[in-house]
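A structural walkthrough
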Amino acid sequence: KEASDLDDAFDKKVLPGFGAGLYARWDLPIVPFLGIQSGLDFYAGNGIKFGGEIAGKKLSLTRSYNTLDIPVLVTFRLPLGLVKTTLYAGPNFSFPVGKVKVSATGAGAEADGDAFDMDSTMVFGMQAGIDTSLGLGPLDLVLGLRYINDFTNTKMKISESVSEDFLTRRNLILSLGVEFGF
């Protein structure tokens, strides 16, 4: 995760988040190992944490926000007995939800939970990843690794007439889930 508006002198740190979602996949009848998958994912804690010094005083700054994401993915599924591996990639449509939460401590900047309105209604990007599932009767246990890369910045309103680009999201997501077949 990175931001383009803060000085390179600050250390950028990973801000862990949480996500949950549902998806549906349709395997093509003519080529059963190819398919289309879409869903609705909620991600909390998208953001970044900075640490550094200003005039010899330590400063810590955190900015975070939540999103609803709708990926539209092409899937390539390799069934190997009880284990299935699925590769997928495609566009991602991300809708920021709520406000940007800002926390700052040190160097005379004290803010805890200040909130700014979003000035982005939709952020376009891509997702790609791999899932491995283990068949356990009527359901599968799924372990996945996914990468999200937004192509445009997320913007927050500083005032009615001023917006600021603050983040181009690049997330690496480790997931654990359950898949039901119909």
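Further up the page is the structure itself.
In this report, the structure presented in the accompanying data block is examined. (Residues numbered from 1 in each chain as written. Predicted model: local features only at pLDDT ≥ 70, side-chain atom pairs only at ≥ 80, totals over all residues. Heavy atoms only, no water.)

**Some points on the overall build of the protein**
This is how it is decided: The numbering of helices and of strands both runs from the N terminus, where a helix is a DSSP run of H or I of at least 4 residues and a strand a run of E of at least 2. The rule is simple: take the accessible area with a 1.4 Å probe, protein chains only, and divide by the maximum for that residue type; under 20% is buried, over 50% is exposed, in between is partly exposed. Two residues form a contact once any of their heavy atoms are found within 4.5 Å. To measure how exposed things are, a 1.4 Å probe is used in the Shrake-Rupley method; for residues, cover is taken only from the protein chains shown.
From N to C terminus, the protein includes 0 helices and 11 strands. Listing the helices and strands of the protein from first to last along the sequence gives β-β-β-β-β-β-β-β-β-β-β. Counting the 182 residues in the protein, one finds 35% classified as buried. A separation threshold of at least 6 residues defines the contact pool for the protein, and within that pool the share at least 24 residues apart is 64%. Surface exposure of the protein reaches about 10400 Å², of which carbon and sulfur atoms provide 65%.

**A short note on the layout of surface pockets**
For clarity, the cut-off: Grid spacing is 1 Å over the protein atoms alone, the probe is 1.4 Å, and a cavity is where that probe fits but cannot get out, while a pocket is an open set with protein on both sides within 12 Å along at least five of seven lines and lining residues have an atom within 4 Å of a point. Grid points are joined across faces, edges and corners, and a volume is the space filled by probe spheres set on the points. Residues are grouped as follows: nonpolar covers Ala, Val, Leu, Ile, Met, Phe, Trp, Tyr, Cys and Pro; charged covers Asp, Glu, Lys and Arg; every other residue, Gly included, is treated as polar.
Here the largest pocket defines a volume of roughly 1200 Å³. As for the largest pocket, its lining consists of 46 residues, of which Gly21, Tyr23, Asp41, Arg146 and Ser175 are closest to the centre. Looking at the lining of the largest pocket residue by residue, the class counts come to 23 nonpolar, 12 polar and 11 charged.

**Considering the pattern of salt bridges**
Heads up, the condition is: Here, a salt bridge means any side-chain nitrogen of Lys or Arg that lies within 4 Å of a carboxyl oxygen of Asp or Glu.
The full count for this structure, using the stated rule, is 8 salt bridges. Residue Arg169 pairs with Asp150 through a salt bridge whose shortest N-O separation is 3.0 Å. One end of the pair, Arg169, is in the loop between strand S10 (163-167) and strand S11 (170-180); the other, Asp150, is in strand S8 (residues 139-150), with 19 residues separating them in the sequence. Classification of Arg169 by relative accessible area gives buried; the value is 1%. Assessed through its relative accessible area of 3%, Asp150 is described here as buried. One salt bridge in this structure joins Asp165 and Lys155, with 3.0 Å as the shortest N-O distance.

**Looking at the side chain of Thr75**
Along the chain, the position of Thr75 falls in strand S4 (residues 57-80). Of the residues examined, Thr75 reaches a relative accessible area of 1% and is grouped as buried. Excluding residues that lie within four positions of it along the chain, Thr75 makes contacts with Arg25, Phe33, Leu34, Gly35, Ile36, Gln37, Thr86, Leu87 and Tyr88.

**A closer look at empty space enclosed by the protein**
For the structure shown, the criterion picks out 1 cavity of 30 Å³ or more. Taken as a whole, the largest cavity encloses approximately 40 Å³ of empty space. What lines the largest cavity is Tyr23, Arg25, Gln37, Arg77, Thr86, Asp131, Ser133, Val142 and Glu179. In terms of residue class, the lining of the largest cavity is made up of 2 nonpolar, 3 polar and 4 charged.

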